[in-house]
Structures are given as structure tokens and as C-alpha cells.
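Structural features, examined
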Amino acid sequence: MIDNLGFHTDRDLHAELATLNRNITSLLGRVEIGNFYSWEDRYNTESDLANLQARAQRLADEIAEDDADTDRLLAAIRLVGDHDLGFIAYVVYGPKALPVSPLHEVRLIERDGGYTVPGSVRRRVPADQVAAVQRELLTGVVARNGHARIWGRTIRDYRTQVTAY
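For the structure given in this document, a descriptive report is provided here. (Residues numbered from 1 in each chain as written. Predicted model: local features only at pLDDT ≥ 70, side-chain atom pairs only at ≥ 80, totals over all residues. Heavy atoms only, no water.)

1. A word on the packing of helix H2 (residues 39-80) against helix H3 (residues 83-93)
With their axes 7 Å apart at the nearest point, H2 and H3 run at an angle of 120° to one another. Comparing the axis directions of H2 and H3 gives the class oblique. Regarding H2 and H3, the two cross each other, and that crossing is right-handed. Taken together, the residues of H3 that come into contact with H2 (itself represented by Leu73, Ile77, Arg78 and Val80) are His83, Gly86, Phe87 and Tyr90. For the contact of H2 with H3, the residue count by class is 5 nonpolar, 2 polar and 1 charged. (Axes fitted to C-alpha atoms, helices over the stretch in contact; angles between N-to-C directions. Helix = DSSP H or I, 4+ residues; strand = E, 2+ residues; numbered from the N terminus. Parallel < 35°, antiparallel > 145°, perpendicular 65-115°, else oblique. Left-handed = near helix turned anticlockwise from the far one by under 90°. Contact = heavy atoms within 4.5 Å. Nonpolar A, V, L, I, M, F, W, Y, C, P; charged D, E, K, R; others polar.)

What follows is the structure, given as C-alpha cells:
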């Protein structure tokens, strides 16, 4: 994604996973050697290893979802025939120019500042479920995580933004 100043803001998930895997390998080597200063050092090292392995699994799942989205769009662009024209058509006209049904991203944002409420982004939403997800975000997320209460707002201070991709 490119923000309004023109900066590339996407995380490089593959590089993050590679870094995590290097750290995991390093900690595994340290655990296998067993050269610890104390039982507490061993416990902390094993805890760090478990945390890194859990983070790596969550990141691998996120990478799989992102790669599936990219593969879906790439296959649709290839169906157009000409790769360059298919990509240009997607950029100019959006997903309706491609021979696939678009998925949607639905997010809850504040009306005045455009701030996205944390934990309120739903991706890979089919067209027939957009209204239900919007309703769930407006009624459930605002009430459940207390965002409106914390900032002194009501549900009328929020709106949903739907983006097809």
C-alpha cells in the first residue's frame, strides 16, 4: 500500500519470517549446547524460543493469506490474455475489470479523523456478506472493545469503508 505521501507502507512479511527463522535457529543451537549461566537463563531462553516459534507460525499464516490473494489476482490478470494490459486494467478500473468476483476489505473508521479502529479490519469478505460484516462492525466492535466509550463517542461517530480488491 502507498500512503498519501507516496511512501510504501507494506511490511515485507517474507523478510520478517526469514529474520524470525534465523533467531529461532540461533536459540535452538543455544538450547542444544546447554551452556547456560543459571536455570533462569535456560528458562528465559526456552521461553523466548517458544514465543518466536509462535510468532513465526502466525506470520506464516498471514503470508499464506497474502500470497493467496496475490495468486488469485495474478491468475485473473493472466486470464485477460496480455499481462501488462490486464494489470493496467486492474489498476485503472479495479477488480470489476477482471474475470473474477472481487473480495472486499471492510474497516471501521472514525467519521471525523478517518482513524481505523484497531481490530476492525475484515479481509476476504465476499460481496454477499458485506452488509452483515458492516453491521457486525458497527454494533459489535464498537461495543465489545469499548473504543467509543474510551474516546467519548457514540456509534454515530463511526462509519465503515468497503474496498473491493
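2. Comments concerning the pattern of salt bridges
The tally for this structure, following the rule as stated, stands at 7 salt bridges. The shortest N-O distance in the salt bridge between Arg123 and Asp69 comes to 2.9 Å. Within this pair, whereas Arg123 is found in strand E2 (residues 116-125), its partner Asp69 is found in helix H2, the two being separated by 54 residues in sequence. According to the relative accessible area criterion, Arg123 is partly exposed, its value standing at 39%. Between Arg107 and Glu105 there is a salt bridge, with the nearest N and O atoms lying 3.0 Å from each other. Neither Arg107 nor Glu105 differs from the other in exposure class; each is buried. One salt-bridge network, in which partners are shared between bridges, spans Asp69, Glu105, Arg107, Arg123 and Arg124. (Salt bridge = Lys/Arg side-chain N within 4 Å of Asp/Glu carboxyl O. Buried < 20%, exposed > 50% of the residue type's maximum accessible area, 1.4 Å probe, protein only.)

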